[in-house]
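# Architecture at a glance
Here's the letter readout for the chains.
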Amino acid sequence: MKQILSAALTLAVSTVAFSQQINQTKLIDTYIKEAMKTNQIPGLALGIVKDGKIIFEQYYGTESLEDAKKVGPSSMFRIYSTSKLITNVGVFQLIEQGKLSLEDNVSKYVDNLPKDWQHIKVKNLLTHSSGIPDFIAFSDILPEDSSSKTVERLSKEKMNFTTGNEFRYNQTNYMLLSMIIEKITGQSFEDFILNNQFSTVRNQVVYSSNALEKIPNRIIKYNYSSETKKYQKSTDVEGKKAYPGNGLAITLPAFINWSNHLSKNDLLNQKTKEMMWQPFEYGNKRDVFAYGWEINTTNTIPSYGFSGGNVSAYRVFPQNNMTIIMMSNGYNFFPVHYQMVNHIAGMIDKKLMDNYSLAEESIISEFSKKGNPNAEKNYHSIKIKNPTWDFENTLNNIGYILMRNSRFDEAIKVFELNVKEHPQSGGVFDSLGEGYLSVKNYPLALQNYKKSLELDPQNTNAQNMIDKINGLLIHKN
């Protein structure tokens, strides 16, 4: 009798748990569809792994706007800079094998480095603290240029800052990491990665940093044009030197497979992963970043990940035994990948509910709607309930995105709101000055740039714009 009661109780508990999971799945599905509609995301794939099990794997929208092919398990999304996570794991595999050290000088593996680069260490590449020039900033460095030729060209440039002092995102760091991997292993970078991290799913991943290259099942990112009000296919072309930083395209099943192997310590042991996720100590004592991974904290709970091209995001929550993978192929207004991951995490585990992120998502959503009279009301309603929350950067970003979409009057209203909210910030007056300048309201532009300079005497941009506007007014008169 006891066994029957026990079995019945187990069945009841299992039924309730199953019912809750079904309801949770429906809620996430509804949220994703609403977010895609609001942001006009053409196609998206979402995977969630909890306690070692795939609890959500869904595909939405289309791979292509031209032929309306549906997104599915065989769709390979370009994940752009999220590719760096895979490169990071490759580096730490070599560290775990004793073939490489974080403290090694890059010059130990890469020949003909300029004098100023000789003291840069592997750890500085992973943490974007090297200070070396970023090759994407130089138009004369061509996609077909080799890594060695790129180093030779960059050797003519000055260092951006003292090595180790600060975080500054840089693609050259990852080019050098790939050169180190190739030197140590004797393999091409992509072969080393595919052999050691994707051996069972090689047909579901591909390296290419060329949007024009025809690759079966690879999805090309769409960029929204503010001029035509339509999506246009990305035409970015970069060479092999960009592979470690932004070159991977991958299916969702293959990404989940990789993530599960990472969680089970098949790719790296636990001690190595913990080392990889340790915060790097920057000289400026301000920047926060691990060894190639972003560190996020929600309600004191840490998570680690990265994003790419504003269309992909990967986040692992070790304490919650959960991972979220999101990949898409475009957005029309504001990049919402972080807000979406945060929102979904909170839906699955209430301990990860980030109320600030939810509020920020709501503010962005309302201002994205053209001519929405409720956007500012929504903002003030949120602030009344949470007076200590600061949305200065959010409002500033919204304003600039509105300007890029030729919605100048709306942008100015957002900048004006930010000025009212942050009257002691020189930056917000600078932005409002730019807003007025965009509609050729020179008197108000000048007034706000002067106020910005008054609040921040070090703002050289404000001084330059004041000089420019004065010149325009003299010429006009």
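Structure's up top.
Reading guide: rules and limits
- Residues numbered from 1 in each chain as written.
- Predicted model: local features only at pLDDT ≥ 70, side-chain atom pairs only at ≥ 80, totals over all residues.
- Heavy atoms only, no water.
- Axes fitted to C-alpha atoms, helices over the stretch in contact; angles between N-to-C directions.
- Helix = DSSP H or I, 4+ residues; strand = E, 2+ residues; numbered from the N terminus.
- Parallel < 35°, antiparallel > 145°, perpendicular 65-115°, else oblique.
- Left-handed = near helix turned anticlockwise from the far one by under 90°.
- Contact = heavy atoms within 4.5 Å.
- Nonpolar A, V, L, I, M, F, W, Y, C, P; charged D, E, K, R; others polar.
- Salt bridge = Lys/Arg side-chain N within 4 Å of Asp/Glu carboxyl O.
- Buried < 20%, exposed > 50% of the residue type's maximum accessible area, 1.4 Å probe, protein only.
- Phe/Tyr/Trp six-rings, centres within 6.5 Å; stacked < 30°, edge-to-face > 60°.
- Lys NZ or Arg CZ within 6 Å of the ring centre and 35° of its normal.
- Pairing = 2+ DSSP bridges.
- Core = buried A, V, L, I, M, F, W, Y, C linked by side-chain atoms within 4.5 Å.
- Lys, Arg positive; Asp, Glu negative; His and termini not counted.
- Expected span 1.5 Å × (residues − 1).
- 1 Å grid on protein atoms, 1.4 Å probe; cavity = no way out; pocket = protein on both sides within 12 Å on 5 of 7 lines; lining within 4 Å.
- Points joined across faces, edges and corners; volume = space filled by probe spheres on them.

## Focus: the packing of helix H14 (residues 408–421) against helix H15 (residues 426–438)
Helices that pack against each other are described as a pair by the angle of their axes relative to one another and the distance between those axes. Contact pair H14 / H15: the axes reach a minimum separation of 9 Å and the direction vectors enclose 160°. Here H14 is positioned roughly antiparallel relative to H15, judged by the angle of their axes. Judged by the sense of rotation from one axis to the other, the crossing of H14 with H15 is left-handed. Contacts from Phe408, Ile412, Phe415, Glu416, Asn418 and Val419 of H14 reach H15 at Val428, Phe429, Ser431, Leu432, Gly435, Tyr436 and Ser438. Broken down by class, the residue content of the contact of H14 with H15 amounts to eight nonpolar, four polar and one charged.

## Comments concerning the pattern of salt bridges
Taken as a whole and assessed by the stated rule, the structure comprises 16 salt bridges. For Asp236, the salt bridge is made with Arg78, and the minimal N-O distance between the two is 3.3 Å. Residue Asp236 is found in the loop between strand S7 (230–233) and helix H7 (243–246), and its partner Arg78 is found in strand S3 (residues 76–78); the two are separated by 158 residues along the sequence. Take Asp236: its relative accessible area is 22%, and that puts it in the partly exposed class. Residues Arg153 and Glu157 are paired through a salt bridge, measuring 2.8 Å at the closest nitrogen-oxygen approach. Residues joined by salt bridges that share partners form a network here, namely Asp140, Arg153 and Glu157.

## Side note on the packing of aromatic side chains
Using the criterion set out here, one finds 20 aromatic pairs in the structure. Pairing Phe280 with Tyr291 gives two aromatic rings, centres 5.9 Å apart and planes at 85°, and the pair type is edge-to-face. Of this pair, Phe280 sits in the loop between helix H9 (270–276) and strand S9 (294–298) while Tyr291 sits in the loop between H9 and S9, and the two are eleven residues apart along the sequence. Exposure class is identical for Phe280 and Tyr291. Each is buried. Here the aromatic cluster, defined as three or more aromatic residues joined through ring pairs, consists of Phe255, Trp258, Trp277, Trp293, Tyr304 and Tyr314. Directly above the ring of Tyr80 sits Lys221, whose terminal nitrogen or CZ lies 5.2 Å from the centroid.

## With respect to the environment of Ile136
Checked against the element boundaries, Ile136 lands in the loop between helix H3 (122–126) and helix H4 (147–154). When the C-alpha positions of Ile136 and Glu238 are compared, they lie 9.4 Å apart, and in sequence the two are 102 residues distant. Leave out the neighbours within four places in its chain, and Ile136 touches Gln171 and Glu238.

## Things to note about the sheet that holds strand S8 (residues 248–250)
Taken together, the four strands give an open sheet; going across it, the order is S4-S8-S3-S5, and neighbouring strands pair in mixed fashion. Sheet topology places strand S4 (205–207) and strand S5 (218–219) at the edges, where each strand pairs with a single neighbour. In terms of strand pairing, S3 meets S8 through two bridges, oriented antiparallel. Residue pairing in the sheet places Phe77 in a bridge with Ile250 of S8.

## Here's the deal with the nonpolar core
Within the largest apolar cluster, 71 residues are counted, with the highest numbers of intra-cluster contacts made by Leu176, Phe198, Trp258 and Trp293. Not counting the four nearest positions on each side in its chain, Trp293 is found in contact with Leu85, Asn88, Val89, Trp258, Leu262, Met276, Trp277, Tyr304, Gly305, Tyr314 and Val316. Counting residues in hydrophobic clusters, the runner-up holds 63 residues, among them Tyr31, Val311, Phe317 and Met322.

## As for the sheet that holds strand S2 (residues 53–61)
Across the sheet, which stays open at both edges, the six strands sit in the order S2-S1-S12-S11-S10-S9 with antiparallel pairing between neighbours. Only two strands of the sheet have a single partner each, and these edge strands are S2 and S9. Across the sheet, the axes of successive neighbouring strands diverge by a mean angle of 15°, strand direction being ignored. In terms of strand pairing, strand S1 (residues 43–50) meets S2 through eight bridges, oriented antiparallel. Residue Lys50 lies in a different strand from S2, and its bridge partner there is Lys53.

## Digging into the side chain of Lys273
When you line up the elements, Lys273 lands in helix H9. Glu274 provides the closest opposite charge to the buried, unpaired Lys273, separated from it by 8.1 Å. Every residue in contact with Lys273, bar those within four places of it in the chain, is listed here: Leu262, Ser263, Asn265 and Leu268.

## So, the packing of helix H13 (residues 392–404) against H15
Put simply, H13 and H15 touch, their axes get as near as 11 Å, and they point 15° apart. For the element pair H13 / H15, the angle class is roughly parallel. For the pair H13 and H15, the crossing hand works out as left-handed. Between H13 and H15, the residues in contact are Glu392, Asn396, Tyr400 and Met403 and Val428, Asp430, Ser431, Glu434, Gly435 and Ser438, respectively.

## Notes on the pairing of S9
The sheet contact formed by S9 and strand S10 (residues 301–308) spans five bridges and is antiparallel. Looking across to S10, one finds that Glu294 is bridged to Gly305. With antiparallel pairing between neighbouring strands as the criterion, S9 and S10 make up a hairpin whose turn holds two residues, including Asn299 at a positive phi of roughly 55°.

## Thoughts on H13
When the terminal C-alpha atoms of H13 are compared, their 19 Å separation across 13 residues agrees well with the 18 Å that a helix rising 1.5 Å per residue should span. Looking only at H13, the buried set comprises Thr394, Leu395, Asn396, Ile398, Gly399, Ile401, Leu402 and Met403. Along its buried surface, H13 packs onto helix H11 (355–368), helix H12 (375–385), H14 and H15. Phi turns positive, to about 60°, at Ser406, one or two residues after H13.

## So, empty space enclosed by the protein
With the rule as written, the count across this model stands at three cavities of 30 Å³ or more. Put simply, the largest cavity is a space of about 40 Å³. Looking at the largest cavity, the residues that line it are Ile41, Asn310, Val311, Met326, Ser328, Gly330, Tyr331, Val336, His337 and Met340. For the lining of the largest cavity, the residue count by class is six nonpolar, four polar and no charged.

Function cannot be read off these values alone, since they describe shape.
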